[in-house]
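Structural overview
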Amino acid sequence: MDSELLKKIIDSVEDTKTAPVGQTRQQGCNITEFVGSGMGDTVGLVIANLDYHLHEKMKLDPKFRSIGIVSSRTGGAPHVMSADEAVKATNTEIVSVEFCRDTKGGAGHGSTIIFASEDVSDSRRAVEILLTNLERNFGDVYGCDAGHIELHYTARASYALNKAFSAPIGKAFGITVGAPAAVGLLMADVAMKTANVDIVTYASPAVGTCFSNEIIITFSGDSGAVRQSVLAARDVGLGVLRGMGQDPQSLTKPNL
Amino acid sequence: MDSELLKKIIDSVEDTKTAPVGQTRQQGCNITEFVGSGMGDTVGLVIANLDYHLHEKMKLDPKFRSIGIVSSRTGGAPHVMSADEAVKATNTEIVSVEFCRDTKGGAGHGSTIIFASEDVSDSRRAVEILLTNLERNFGDVYGCDAGHIELHYTARASYALNKAFSAPIGKAFGITVGAPAAVGLLMADVAMKTANVDIVTYASPAVGTCFSNEIIITFSGDSGAVRQSVLAARDVGLGVLRGMGQDPQSLTKPNL
Amino acid sequence: MDSELLKKIIDSVEDTKTAPVGQTRQQGCNITEFVGSGMGDTVGLVIANLDYHLHEKMKLDPKFRSIGIVSSRTGGAPHVMSADEAVKATNTEIVSVEFCRDTKGGAGHGSTIIFASEDVSDSRRAVEILLTNLERNFGDVYGCDAGHIELHYTARASYALNKAFSAPIGKAFGITVGAPAAVGLLMADVAMKTANVDIVTYASPAVGTCFSNEIIITFSGDSGAVRQSVLAARDVGLGVLRGMGQDPQSLTKPNL
């Protein structure tokens, strides 16, 4: 029994496939600032010279006038992972990562990520790279009607993961997410016991999330250990959702 | 491709049309306190003499015993705009404006507005006026599956807009809302650059909203300037949503 | 006109009925920690010896290593009521009650409750009892497309109600919930005026909820008075929802 949420997301993926992210979509839009759109109702925009008073209200560092901004209805960690690759590859800084309580009626978050650069072409490039990596980073998100689990792994965390989750720069970093929240706690416990990793953040509905129905941990350590922990968390998370009579499916194609 | 949210809202409008707001609906209800219902699952009630201990827990000013209260599942700004007209036309005060993270799975807010008066008939009248104005104030809300945009303009802000958004009383006032949030930021930037307006508030998922997936700005200034800014924000907001492959539609009939 | 939310919940109940809570469901799951699942996408798990570092991040009392954890997508108060019965019947403590903004697009909360015990079998037993009581405690939740109301009554509140709502231990305790929020306020007013009860907590979208679209009050007093207040609140709440053109239905079977 597939969930409506899942169907919506799958539809959105199929839309994205017929219209490659960051390319065809853009051709249909006559707004200069529009960079592209992607899975999870993601939209990427650039503003070459942000209005001065708006800039001030947003409490951004005055030196950044060119920004790239990406928002999604569904997806927090996949977007941060993709932003991490974007910031590694471009001359930009991550100035803000915000989550919201969304997923179109699902249990989790949407996100808004702002890149800044002196030259707008760098922000544009960062948004393009984020959109390009999105589909892959949704691969280890498994959805079903009752909830979802997510696994994320990188061998070298960079500034986006640092901004969003205080990841130590340059070290292997893992994220486990489970919804309803109890699923996430068991995944967290298994991740911590599987290998020698250091917990970095713990978030639950009341603390560290936007009242989402998730328990999320992040951890760093040796790359082999982080990867092993993430894999073990995936297996227990999928097992619990199946125990609830669900059939969780990858939203695109699993990487791990 | 119409969204489910949109369909729900449209259904709700049609319901409202066959049963005129604040009139027929009321006839079917034998609860004295029931004033009427409206678009966006809005309900309007009055309480002639609010319970003393409840009053205290709500931290309302003790002088107000008669209250009118309106809540909606979908719609924050349209309700505040309607309340603003109600407060101008009646002998009531706005004692509380609260938003919630709702819209039935959409990206935005629902709202709860409390009027107070010495005489309950004033509160009742305020609730009736709010309900009557609601449909018009939903006219510049454009919805689609991926998100929505909203535009609001008044030539003279009053106490409801002041309570909710710190609007300077008596001056022209505009509101722009975009979801997913990035859409709202571009609208904000365009609004600020289009005419000589003063930004009053800035709200994003993490600050000033209920973790909704919106960026919202409000601004005041000369009435021509405010109107021009709102119109320019509308055009860029619709353009971005169309760039995402969406077909945003007014929830009722555009006014601007 | 049944709501989608209602249908989802009803589907979930029917699923639960064909697979008795905490029994058959468990047989299909090979995860040791899985205790069972139930209505409202509820899942119950135990962890015999919670990881030390995770324990620390969760700020749990170090003496508790064995925990039982229950999360739901739909249902806050029904889970707290069920946990209250579980804690009365077992040698466990309630260490945490968290709510989240969920109900799969509805107006209310999901919840996460953690029991702790020295022996894991006690936590397991508590989770089982919670799951067993859930269906009954959903009986006085009435749902419809526009919102919902909830009534809860116990003759003797225990530690779960105390943790979640500061209920005086051992005294009769009542909860009224209405969504959209205005419905809840009228229910609260009627409850307070009906009998001699003492208000314990008041929660609205902006204060004391997770930005849900509800007004919730809790009260204690003589058991007859509490029961009478709850019943009067039910009648006015159902009346208002019907006034909105809705047909609110019990999610299972009314107890009151």
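Quantities reported herein were computed from a predicted structural model and do not represent experimental measurements. (Residues numbered from 1 in each chain as written. Chains lettered and ligands numbered in written order. Predicted model: local features only at pLDDT ≥ 70, side-chain atom pairs only at ≥ 80, totals over all residues. Heavy atoms only, no water.)

Our next topic: the relation of the copies chain C and chain A. Under the fitted operation, chain C is carried onto chain A by 0.0 Å of movement along the axis and a turn of 120°, and the coordinates agree to an RMSD of 0.0 Å. Such a combination of turn and shift is consistent with a three-fold rotation axis. Taking the C-alpha atom as reference, chain C places C:G105 closest to the rotation axis, 2.4 Å from it. An asymmetric contact is evident, with only 11% of the interface residues of chain C recurring at the interface of chain A. (Least-squares fit on C-alpha atoms with pLDDT ≥ 70 in both. Contact = heavy atoms within 4.5 Å.)

Attention now goes to the interface of chain A and chain B. Chain A puts 37 residues into the contact, and the matching count from chain B is 36 residues. A buried area of about 2900 Å², summed over both sides, lies between chain A and chain B, and 65% of it is on carbon and sulfur atoms. At the junction of chain A and chain B, the tally comes to two salt bridges. In this structure, the salt-bridge partner of B:R101 is A:D102, at a minimum N-O distance of 3.9 Å. In this structure, the connection of chain A to chain B is made through 13 residue pairs in polar contact (both at pLDDT 80 or more). Every element with two or more residues in the side of chain A that touches chain B is listed here: helix 1 (4-18), strand 1 (34-38), strand 2 (42-47), helix 3 (52-57), strand 3 (66-72), strand 4 (93-101) and strand 5 (109-117) of chain A. For the side of chain A that touches chain B, the element with the most residues is strand 3 of chain A, which contributes five residues. Broken down by class, the residue content of the side of chain A that touches chain B amounts to 17 nonpolar, eight polar and 12 charged. (Buried area = accessible area lost by both parts, 1.4 Å probe. Salt bridge = Lys/Arg side-chain N within 4 Å of Asp/Glu carboxyl O. Polar contact = N/O pair within 3.5 Å; in protein donor to acceptor, adjacent residues only side chain to side chain. Helix = DSSP H or I, 4+ residues; strand = E, 2+ residues; numbered from the N terminus. Nonpolar A, V, L, I, M, F, W, Y, C, P; charged D, E, K, R; others polar.)

Glancing now at the interface of chain C and chain A. Listed as interface residues are 38 residues of chain C and, on the opposing side, 37 residues of chain A. When the two sides are added together, the surface that chain C and chain A hide from each other amounts to roughly 2900 Å², 65% of it contributed by carbon and sulfur. Area buried by chain C at its contact with chain A is led by C:L54, C:K57 and C:R73, which between them contribute 19% of it. Connecting chain C to chain A are two salt bridges. The partner of A:D145 in a salt bridge is C:K104, and the shortest N-O contact between them spans 2.8 Å. At the boundary of chain C with chain A, the tally comes to 13 residue pairs in polar contact (both at pLDDT 80 or more). Taken together, the elements giving at least two residues each to the side of chain C that touches chain A come down to helix 1 (4-18), strand 1 (34-38), strand 2 (42-47), helix 3 (52-57), strand 3 (66-72), strand 4 (93-101) and strand 5 (109-117) of chain C. The residue inventory of the side of chain C that touches chain A, partitioned by class, reads 17 nonpolar, eight polar and 13 charged.

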